[in-house]
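Okay, here's what each chain looks like letter by letter:
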Amino acid sequence: MHGLRTTVGRIRPLIAAQSSHRQSQPPRPMLVVEGAPRMFAPVRRLGTPVAAEPFLNGTSSNYVEEMYYAWLENPSCVHKSWDIFFRNANAGAPPGAAYQSPPSLGSGTVQGVVNNAQALVGTQPNVEKLVKDHLAVQALIRAYQIRGHHIARLDPLGISSVDFVDLQNIGNFGLEESDLDTMFRLPRTTFIGGSERALPLREIVGHLENAYCQHIGVEFMFINDLEQCQWIRQKFETPGVMQFGPEEKRRLLARLIRSTRFEEFLQRKWSSEKRFGLEGCESLIPALKTIIDKSSESGIESFIMGMPHRGRLNVLANLIRMDLDQIFCQFDSNLEAADEGSGDVKYHLGMHLRRINKATDRDITLSLMANPSHLEAVDPIVQGKTKAEQFYRDDTEGKKVMSILLHGDAAFAGQGIVYETFHLSDLPSYTTHGTIHVVVNNQIGFTTDPRVARSSPYPTDVARVVNAPIFHVNADDPEAVMYVCQVAAEWRNTFHKDVVVDLVGYRRNGHNEMDEPMFTQPHMYKQIKKQKRVLQKLSEKLIAEGVVSAKEYEEEVAKYDNICAEAYARSKDEKIMHSNYWLDSPWPDFFAKDGQPKSMSCPSTGISEEDLSHIGNAASSVPVEGFTIHAGLTRILKARANMLSQRVCDWALGEYMAFGSLLKERIHIRLSGQDVERGTFSHRHHVLHDQDVDKQTCVPLNHISSGQALYTVCNSSLSEYGVLGFELGFAMANPNALVLWEAQFGDFHNTAQCIIDQFISSGQAKWVRQNGIVLLLPHGMEGMGPEHSSARPERFLQMCSDDPDVSPDMSDEDFAIQQLCDCNWIVVNCSTPANYFHVLRRQILLPFRKPLIVFTPKSLLRHPEAKSSFDDMLPGTDFQRVIPDAGPASTNSDKVRRIIFCTGKVYYELTSERKNRGMEDTVAVTRIEQLSPFPFDLVKAETDSFPNAELLWCQEEHKNHGYYDYVKPRLSTAIDHAHSVRYAGRGPAAAPATGNKQTHLQELQRFMDTAFNLEAFSGKR
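Rules used in this analysis
Residues numbered from 1 in each chain as written. Predicted model: local features only at pLDDT ≥ 70, side-chain atom pairs only at ≥ 80, totals over all residues. Heavy atoms only, no water. Helix = DSSP H or I, 4+ residues; strand = E, 2+ residues; numbered from the N terminus. Buried < 20%, exposed > 50% of the residue type's maximum accessible area, 1.4 Å probe, protein only. Contact = heavy atoms within 4.5 Å. Polar contact = N/O pair within 3.5 Å; in protein donor to acceptor, adjacent residues only side chain to side chain. pLDDT = per-residue confidence, 0-100. Pairing = 2+ DSSP bridges. Axes fitted to C-alpha atoms, helices over the stretch in contact; angles between N-to-C directions. Salt bridge = Lys/Arg side-chain N within 4 Å of Asp/Glu carboxyl O. Phe/Tyr/Trp six-rings, centres within 6.5 Å; stacked < 30°, edge-to-face > 60°. Lys NZ or Arg CZ within 6 Å of the ring centre and 35° of its normal. Patch = residues over 30% accessible without salt bridge, like charges linked within 9 Å, V, L, I, M, F, W, Y side chains within 5 Å. Areas by Shrake-Rupley, 256 points an atom, 1.4 Å probe, with all protein chains shown as cover. Lys, Arg positive; Asp, Glu negative; His and termini not counted. Charge placed at Lys NZ, Arg CZ, Asp CG, Glu CD. Core = buried A, V, L, I, M, F, W, Y, C linked by side-chain atoms within 4.5 Å. Parallel < 35°, antiparallel > 145°, perpendicular 65-115°, else oblique. Left-handed = near helix turned anticlockwise from the far one by under 90°. Nonpolar A, V, L, I, M, F, W, Y, C, P; charged D, E, K, R; others polar. Expected span 1.5 Å × (residues − 1). Right-handed = clockwise from strand over helix to strand, strands pointing away.

Some points on the overall build of the protein
Looking only at helices and strands, one finds 33 helices and 30 strands in the protein. Burial analysis of the protein (1021 residues in total) assigns 56% to the buried set. Long-range pairs, those at least 24 residues apart, make up 80% of the contacts in the protein between residues at least 6 apart in sequence.

Brief notes about the environment of Gln691
Relative to the elements of secondary structure, Gln691 occurs in the loop between strand 17 (688-689) and strand 18 (697-698). Residues Gln691 and Ala631 lie 60 residues apart in sequence; the distance between their C-alpha atoms is 9.5 Å. Non-local contacts of Gln691, meaning those with residues more than four positions away in its chain, are made with Thr628, Ile629 and His630. From its side chain, Gln691 meets the backbone oxygen of His689 in a polar contact 3.1 Å long.

Focus: the confidence of the model for the protein
Per-residue pLDDT for the protein has a mean of 87; in total, 88% of the residues score no lower than 70. Overall, residues 1-59 carries pLDDT values under 50, and its contacts beyond four positions in sequence, including any with other chains, amount to 85 contacts. Across residues 117-125 the pLDDT falls below 50, and counting only partners more than four positions away or on other chains, this stretch makes 10 contacts in the model.

Remarks on the sheet that holds strand 13 (residues 499-504)
With respect to topology, 8 strands assemble into an open sheet ordered 5-12-13-11-10-6-9-8, the strand pairing being mixed. Both outer strands of the open sheet, strand 5 (216-219) and strand 8 (351-357), are each paired with one neighbouring strand and no more. Averaged over all adjacent pairs, the angle separating strand axes in this sheet is 20 degrees, with direction ignored. Where strand 8 and strand 9 (residues 362-368) come together, 7 bridges link them in antiparallel fashion. Looking at the pairing, Asn357 lines up with Arg362 of strand 9.

Re the pattern of salt bridges
Using the criterion set out here, one finds 44 salt bridges in the structure. Lys129 is the partner of Asp133 in a salt bridge, and the nearest nitrogen-oxygen pair spans 2.5 Å. Of this pair, Asp133 and Lys129 are both found in helix 6 (residues 127-147), 4 residues apart, which corresponds to roughly one turn of the helix. When salt bridges with common partners are traced through the structure, they connect Arg261, Glu264, Glu282, Arg533 and Asp561 into a single cluster.

A look at the pairing of strand 5
For a regular strand, side-chain orientation follows a simple rule: the groups alternate between the two sheet faces. Residues Ile216 and Val218 of strand 5 are buried on one face, and the alternating residues Gly217 and Glu219, pointing to the opposite face, are buried as well. Of the strand pairs in this sheet, strand 5 and strand 12 (residues 470-474) are connected by 4 bridges, and their pairing is antiparallel. Among the inter-strand pairings, Gly217 is bridged to a residue of strand 12, identified as His472.

With respect to the packing of aromatic side chains
This structure, assessed with the given rule, holds 33 aromatic pairs. Seen in terms of ring centroids, Tyr392 and Phe730 are 6.2 Å apart; in terms of plane orientation they differ by 55 degrees. Their pairing is tilted. Residue Tyr392 is found in helix 13 (residues 379-392), and its partner Phe730 is found in helix 23 (residues 721-732); the two are separated by 338 residues along the sequence. The class of Tyr392 is partly exposed, set by a relative accessible area of 32%. Overall, Phe730 belongs to the buried group, its relative accessible area being 2%. Ring plane angle 80 degrees and centroid distance 5.0 Å describe the contact between Phe590 and Phe591, whose orientation is recorded as edge-to-face. Given a relative accessible area of 13%, Phe590 falls into the buried group. In this structure an aromatic cluster arises from ring pairing among Phe262, Phe265, Trp270, Phe328, Phe331 and Tyr568. Positioned above the aromatic ring of Tyr568 is the side chain of Lys269, whose terminal nitrogen or guanidinium carbon lies 4.5 Å from the ring centre. Positioned over the ring face of Tyr430 is Arg670, at 5.2 Å from the centre of the ring.

As for the sheet that holds strand 26 (residues 898-902)
The strand order 25-27-26-29-30 describes an open sheet built from 5 strands, whose pairing is mixed. A strand with exactly one partner marks an edge of an open sheet, and here the two such strands are strand 25 (882-883) and strand 30 (981-986). Packed on one face of the sheet, helix 31 (residues 936-944) meets strand 25, strand 26, strand 27 (923-928) and strand 29 (950-958) and runs near 160 degrees to strand 26.

Re a positive patch on the surface
Residues Arg268, Lys269, Lys572 and Lys575 make up a contiguous surface patch of positive charge. Looking at where Lys575 falls in the secondary structure, it is placed in the loop between helix 19 (550-571) and strand 14 (576-577).

Quick look at unusual backbone geometry
Each neighbour pair has its own omega, and for Ser932 with Pro933 the value is 0 degrees, a cis peptide bond. In this structure, His685 takes a positive phi of about 55 degrees despite not being glycine. You can see His685 is positioned in the loop between strand 16 (668-673) and strand 17.

Thoughts on the nonpolar core
With 170 residues, the main nonpolar core has Val315, Ile327, Phe328, Leu775 and Trp953 as its most contacted residues. With 11 residues, the top contributor of residues to this core is helix 16 (residues 478-495). Sequence-distant contacts of Trp953, that is, excluding residues within four places in its chain, are made with Phe901, Cys902, Thr903, Ile928, Tyr963, Tyr964, Val967, Leu971, Val981, Arg982, Tyr983 and Ala984. Counting 56 residues, the second-largest nonpolar core is a separate cluster that includes Val828, Val854, Leu861 and Phe870.

So, the packing of helix 22 (residues 651-664) against helix 28 (residues 833-845)
Two measures define how a pair of helices packs: the angle their axes make with one another and the distance between the axes. One can describe the packing of helix 22 onto helix 28 by two numbers: an axis separation of 8 Å at closest approach and a directional angle of 25 degrees. The pairing of helix 22 with helix 28 is recorded here as roughly parallel in orientation. Where helix 22 crosses over helix 28, the handedness of that crossing is right-handed. Along its contact with helix 22, which presents Trp651, Gly654, Glu655, Met657, Ala658, Phe659, Ser661 and Leu662, the element helix 28 presents Pro833, Tyr836, Phe837, Leu840, Arg841 and Ile844. Its residues assigned to classes, the contact of helix 22 with helix 28 comprises 10 nonpolar, 2 polar and 2 charged.

Notes on a nonpolar patch on the surface
The grouping of Leu130, Val131 and Leu135 at the surface amounts to a nonpolar patch, some 240 Å² of accessible area in total. For Leu130, the position within the fold is in helix 6. On the basis of relative accessibility, which here comes to 45%, the residue Leu130 falls in the partly exposed class.

Overview of the packing of helix 30 (residues 906-917) against helix 33 (residues 997-1012)
Here helix 30 crosses helix 33 at 65 degrees, and the two axes come no closer than 11 Å. As helix 30 packs across helix 33, the resulting crossing turns out to be right-handed. Across the interface between the two elements, Val906, Glu909, Leu910, Glu913, Arg914 and Arg917 of helix 30 pack against Leu1004, Gln1005, Phe1007, Met1008, Asp1009, Ala1011 and Phe1012 of helix 33. Broken down by class, the residue content of the contact of helix 30 with helix 33 amounts to 7 nonpolar, 1 polar and 5 charged.

Focus on helix 13
Its 14 residues give helix 13 an end-to-end C-alpha distance of 20 Å, which sits within 8% of 20 Å, the value for a rise of 1.5 Å per residue. For helix 13, a buried count of 12 out of 14 residues is recorded, marking the element as mostly surrounded by other parts of the structure. By the burial criterion, the buried members of helix 13 are Asp379, Pro380, Ile381, Val382, Gln383, Gly384, Lys385, Thr386, Lys387, Ala388, Glu389 and Gln390. Downstream of helix 13 by one or two residues, Asp394 has phi in the positive range, about 55 degrees.

Comments concerning the pairing of strand 12
With 5 of its 5 residues buried, strand 12 lies for the most part within the structure. Of the two faces of strand 12, the one lined by Ile470, His472 and Asn474 and the one lined by Phe471 and Val473 are each fully buried. Bridging between strand 12 and strand 13 involves 5 bridges; their strand directions are parallel. Considered in strand 13, the bridge of His472 is made with Asp502. Read from strand 12 through helix 16 to strand 13, the crossover connection turns out right-handed.

Quick look at the environment of Ile607
Along the chain, Ile607 falls in the loop between strand 14 and helix 20 (609-619). Spatially, the C-alpha atom of Ile607 lies 7.6 Å from that of Ser661, the residues being 54 residues apart in sequence. Excluding its chain neighbours within four sequence positions, the residues that come into contact with Ile607 are Leu612, Ile615, Met657, Ser661, Phe837, Arg841, Met873, Leu874 and Pro875.

The following block contains the structure:
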């Protein structure tokens, strides 16, 4: 038994090289022989390739193993040479000595050969030590691959205090100084030997130090794809890979001159102005240019970029190539704004430009997105716009359009939107097929040290969750920076996955140019004051190498300084700032040449009866043969068919009509959000699932007609911030598309409040950038508790830009369209499917784009009265901003004592209560469907119709929530303050709704009593 195990052990190193799929095979089962002790069956084990037995390669090892098992059963059944080989191995002969030539005829016996082999065993090196040392070397190589970045010289200041494990002590791996000159065969998982497959240990360590422990640190061994790991190893381990020719070095120097001298010029001219300069990380500009050069070489035509404020002006000047005089004039405090709106500070602005890339002589488009001070908030917006451009170019693999995201180290580690954006990177409806992330790592966040700003060793550790390789590089080594960026671009264009470049530098000034950093980081800034600038380091190196002369360098510096000086002189002539010059997402074919709408009219949003029937048939059937749907869904489709025969539609069918008609008109529609395919309330069912075939789906809206536009409906990850930002970016690319984001419940939009506040409500005012995104926010007080009731309409209304105290000029026949054009967004609360249908179609037919906020219903989705006739959707019909009372009160206006204005679901509760009380003649109920811009004209007309009625606003929300604070002053202005505006609704409360059903019903009955008590306000002013 012992002999068997010994033989297997001797054989294992010989049957070494196996393919990866063989490695995953389970061991053979344990053999149990009755009456005998337990033993394991011969187990297949994999070792390292052995040069001493070259015939034992990955192909022949299976054959050898089978021969061995046959020999175990019957030694005489194999050739004499194999018998001797296995006997020698069993006797302890090391690799290289086990094989002997077959004995010739008439020579000694087999036993004599075996005796000779046994004599050889004692003269061979210790096999166990040999194997052990080879394994130790493999562990050493792997350790450098995994942890080499920990001891790389990444910090240009040399003050990093992170304490990592010492890799450089070979004793930690069981090796000794005496082993340094010993030759070791290299595993296939390293490229440090180049064409050599064996190296002395001393050279192995030296190559590993050069590859992983200099100015580049590579994190990649967490990636679970062998091909990708091998690709990275080859890029960084192969000897001599990081070598550049004289022309490349001269180009690098020229780019660094521009990056550095631009900041120095600004510092000289405007030393007391905030500009958030790039000093300390000037290598960023050559880095980005390298990425663009390499990507353009691979076929990329369009680059969508996002970044925080630090270095933005430098990027605009030296990467986007914006005219320098346009940048310099932004520092003039006397510059007047030519556009309406607030505008924004210069280091938040974006830009869009098409130009020739000199390195490849190809046209490229660069778009730098405008961004507020919320740093990483732009990340998902960039991804959304990138996805949209890929979609419209039919770029299904990201070979024409790509995104580049710049980050600060503190924000990259600290802001959750980074994580949300990463998790969109590989989702089918959100992937952009790889983003290059560049972290401008200043090793500080405002005044906060990394040791108290993050729990991870690096700011980039968040990227590990999506298997993105991370390349750390010392920003004071521009050649290393350039090489890393080349590899990053190649990675993205090879694997179409995210990659991170961590550009480790410093911040020469404080958080801004007027900030004093010595208050909080005295040690760091003492070192920074001693630090040579990176341009000086590179120029001295290249002059010493003879790549450039000192005179050539000085001429290049003077040349760029002169460019800046001439641009500065021209900037003096600029008196007006044209914000549209800084537009990051232009729509030249949509607007007139001056950037204004081509018209101020909107066609009817109704469609023909034929189209209504055609789309209705699609909504109530399954367009794919042999597709089995759920029995419950069969009932839903039958109900739709029944409504179709009655010429009515509910909410879901009204949405279907809007979507289907726009798709037929070749308008792309994209609807995303949590559970939107089915709908949170199981009403939509835009994606059908085959009950018999797993993952087989059907989207009937993509079967409306030939030549229609594509309908994209996609469930999102459980994210609001990231996904809403993504859809906002998607909507920026094309004005002729309807892009909608639906919250699971309206309450949940507040986790995306940054996108709503900083981009959607104020984007046009700050950046002259229109956007037609639609937010669908389920809303309604139905006893479902504080977190499933309110979409917080008061927040949206508070941000509306119209003046509550000024009655607009209503004499213009285009008053309603002009109002929409002047507002910052449109807020509606539709109470009928027809009005929802019209407002969606109007969103596309308007000659401009505004965000649309729709408070959508929950219980009304199935309310028997919340249905619309086809007559309300035919040609000539439109969205009704106000729906007047159409009951008995409208025919006996003099008898009406109270007119109740309301919006949304509460209308149905009011009319039901009015009917129960028999007050249909004395109380009128009017719905305001469009809350902003406020329909002053229609409200005034409605109040004029009831001269004897007092005015009351009724809402189901609490008094400090909902619409009351917005509506009350506007109602008063509409009627010229002729009457008081009374209130009926829930009282003030901290939470938006109660969690107790009984309390909910009591509150409802209480404000209904107030609404229909005609004496409730007698004697009150």
